[in-house]
2 protein chains.
Amino acid sequence: MKHSQARRSLCPINFTLELVGDPWSLLVVRDIVYFGKRTFGEFHSSAEGIARNILAERLDRLVGAGVLTRRPLESDRRKQEYRLTEAGLDLIPLLLAAADWGAAHADETDAPPWWIAYVRASPTDAADLVREVVRSGGSIFSGEQTVVERLTRSGAIRIDDGLRLS
Amino acid sequence: MKHSQARRSLCPINFTLELVGDPWSLLVVRDIVYFGKRTFGEFHSSAEGIARNILAERLDRLVGAGVLTRRPLESDRRKQEYRLTEAGLDLIPLLLAAADWGAAHADETDAPPWWIAYVRASPTDAADLVREVVRSGGSIFSGEQTVVERLTRSGAIRIDDGLRLS
DNA sequence: TCACATTGGTTGCATTTCAAAACCGATATT
DNA sequence: AATATCGGTTTTGAAATGCAACCAATGTGA
């Protein structure tokens, strides 16, 4: 794993913070993992409203660090497709922990309660499942292949009025 | 949980990032959890070299958000003692996930390999144990009551040439 | 085919944040 | 009483951020 700047210390937490310790980088990873986003425009359209120059700089940095890959999209060569590397997929437990803390302590969030409950009950299983789905091109909530669909099929969640854990 | 600034979105990950999504805040929490630090001077002396004004601002913010408590130290009234609230203790899984990622992807770290292996093998147990020790005034590595000592006593780790998992 | 729209950036500029050092009041030590 | 320590604040210059305008390459529709 490359690091462009000099390390402040040899602490592994510090290492992680030097790469993704800012208010934006992990939102890009979230967009991929939760919503299957892959292009500059999709990241830019997220609710938090990241500035275009900041987004471009963060994408460069994450590609340079080996967290993302970038390649031209053959269906539309104006677009680049960003995907997670294995190191990027390794950020999934961190993302789930951040989501858990936020859902626990924010007055209000838009996270589905059943999803938070599932992650809280089985964090390791959840991380493994999310990793497998995202690696094979899916995401947690959006697109063709979703974690939600997998859990529904497996009977781990049930549909009546809304989704809930079985 | 209070938030001083306007929320950028209702995403729980975004909520977490708005509070601790900077290169310094989690280092303070790390100093408490891993090394039992509790005062301004102790935080300031950490290897990363945080500036005094930044540290003061982050401590204010974390206290205001309900992650830390601050009270004058009766043994030396020049000092304030900072401790984690329950919400602060809830950050432990996030911290362990950040440490795991850093240790996995940095070329070199100062994290004891046996500790990383333990956290990786039993993340939930590790988080629970760390939480209990830190809540009762201890830390992972330093001071009177440590997680290392607890694991050694329980036989989970063994001492021969260095520590290792049993 | 050719004007026009979209896309992923880059540039310029004003504002905010950060970093480093000096400084300060309160408390502790000798 | 003199001095040192502690937690913070202030000051000042450097860096990062946020915003809008701009641009080249590619795609789209008449």
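Residues numbered from 1 in each chain as written. Chains lettered and ligands numbered in written order. Predicted model: local features only at pLDDT ≥ 70, side-chain atom pairs only at ≥ 80, totals over all residues. Heavy atoms only, no water.

## Side note on the overall build of chain A
Here comes step 1: Tallying secondary structure elements over chain A gives nine helices and four strands in all.
Here comes step 2: In chain A, the succession of α and β elements from N to C terminus is α-α-α-α-β-β-α-α-α-α-α-β-β.
Here comes step 3: C-alpha atoms of chain A, sized along the principal axes, occupy 50 × 40 × 30 Å.
Here comes step 4: With 166 residues in all, chain A has 48% of them scored as buried.
Here comes step 5: Sequence-distant contacts in chain A: of pairs separated by 6 or more residues, those separated by 24 or more amount to 45%.
Here comes step 6: Here chain A displays about 7,800 Å² of accessible surface, and carbon together with sulfur accounts for 50% of that area.
Here comes step 7: Of note, chain A has its 22 positive side-chain charges centred 6 Å away from the centre of its 23 negative side-chain charges. (Helix = DSSP H or I, 4+ residues; strand = E, 2+ residues; numbered from the N terminus. Buried < 20%, exposed > 50% of the residue type's maximum accessible area, 1.4 Å probe, protein only. Contact = heavy atoms within 4.5 Å. Areas by Shrake-Rupley, 256 points an atom, 1.4 Å probe, with all protein chains shown as cover. Lys, Arg positive; Asp, Glu negative; His and termini not counted. Charge placed at Lys NZ, Arg CZ, Asp CG, Glu CD.)

## Some thoughts on the protein's contact with DNA strand D
Here comes step 1: Residues in close proximity to DNA strand D total 16 residues, the closest being N53(A), R77(A), R52(B), R78(B) and Y82(B).
Here comes step 2: The sugar-phosphate share of atoms of DNA strand D within 4 Å of the protein amounts to 57%.
Here comes step 3: Within the backbone of R77(A), a nitrogen or oxygen atom sits 2.8 Å from a phosphate oxygen of DNA strand D.
Here comes step 4: At 2.7 Å from a base nitrogen of DNA strand D is found a side-chain nitrogen or oxygen belonging to R52(B).
Here comes step 5: Of all the secondary structure elements, the ones that give two or more residues to the surface near DNA strand D are α4 (52-64) of chain A together with α3 (40-44), α4 (52-64) and β2 (80-84) of chain B.
Here comes step 6: Split by residue class, the surface near DNA strand D holds four nonpolar, five polar and seven charged. (Near = heavy atom within 4 Å. Polar contact = N/O pair within 3.5 Å; in protein donor to acceptor, adjacent residues only side chain to side chain. Nonpolar A, V, L, I, M, F, W, Y, C, P; charged D, E, K, R; others polar.)

## Comments concerning the protein's contact with DNA strand C
Here comes step 1: The immediate surroundings of DNA strand C are formed by 17 residues, with R52(A), R78(A), Y82(A), N53(B) and R77(B) found nearest.
Here comes step 2: Expressed as a percentage, the sugar and phosphate content of the atoms of DNA strand C within 4 Å of the protein is 60%.
Here comes step 3: Note that a base oxygen of DNA strand C is positioned 2.5 Å from one of the side-chain N or O atoms of R78(A).
Here comes step 4: At the level of secondary structure, the elements contributing two or more residues to the surface near DNA strand C comprise α3 (40-44), α4 and β2 (80-84) of chain A together with α4 of chain B.
Here comes step 5: Here the residues of the surface near DNA strand C sort into five nonpolar, five polar and seven charged.

## Topic: the relation of the copies chain B and chain A
Here comes step 1: Each copy superposes on the other: chain B lies on chain A with an RMSD of 0.0 Å after a rotation of 180° and an axial shift of 0.0 Å. When the rotation and shift are considered jointly, the pair of chain copies conforms to a two-fold rotation axis. No C-alpha of chain B approaches the rotation axis more nearly than that of D22(B), which lies at 2.2 Å. (Least-squares fit on C-alpha atoms with pLDDT ≥ 70 in both.)

## Considerations on empty space enclosed by the protein
Here comes step 1: One pass over the full model with this rule turns up three cavities of 30 Å³ or more.
Here comes step 2: Each pocket or cavity is described by its volume, and for the largest cavity that value is around 120 Å³.
Here comes step 3: As for the largest cavity, its lining consists of 14 residues, of which L17(A), L26(A), L17(B), V20(B) and L26(B) are closest to the centre.
Here comes step 4: Counting residues per element, the ones that place at least two in the lining of the largest cavity are α1 (12-20) and α6 (92-105) of chain A together with α1 (12-20) and α6 (92-105) of chain B.
Here comes step 5: A per-class count over the lining of the largest cavity returns ten nonpolar, four polar and no charged. (1 Å grid on protein atoms, 1.4 Å probe; cavity = no way out; pocket = protein on both sides within 12 Å on 5 of 7 lines; lining within 4 Å. Points joined across faces, edges and corners; volume = space filled by probe spheres on them.)

## Focus: the nonpolar core
Here comes step 1: The biggest cluster of nonpolar side chains holds 105 residues, and the ones touching the most others in it are V33(A), W115(A), V33(B) and W115(B).
Here comes step 2: If sequence neighbours within four positions are ignored, W115(A) has contacts with Y34(A), L96(A), V130(A), I140(A), F141(A), V147(A) and L151(A). (Core = buried A, V, L, I, M, F, W, Y, C linked by side-chain atoms within 4.5 Å.)

## Topic: the pattern of salt bridges
Here comes step 1: A complete count under the given rule lists 32 salt bridges over all chains for this structure.
Here comes step 2: Here D100(A) makes a salt bridge to R120(A), at a shortest N to O gap of 2.8 Å. Placement of D100(A) in helix α6 and of R120(A) in helix α7 (residues 113-121) is noted, with a sequence separation of 20 residues between them.
Here comes step 3: Judged by relative accessible area, R120(A) falls into the partly exposed class, the value being 43%.
Here comes step 4: Among the salt bridges present, the one from D90(B) reaches R131(B), with a minimum N-O distance of 2.6 Å. Taken together, the positions of D90(B) in the loop between α5 (86-89) and α6 and R131(B) in helix α8 (residues 123-135) put the pair 41 residues apart, joining distant regions of the chain.
Here comes step 5: Among the ionic contacts, a cluster of salt bridges with common partners joins D22(A), E57(A), R58(A) and R61(A). (Salt bridge = Lys/Arg side-chain N within 4 Å of Asp/Glu carboxyl O.)

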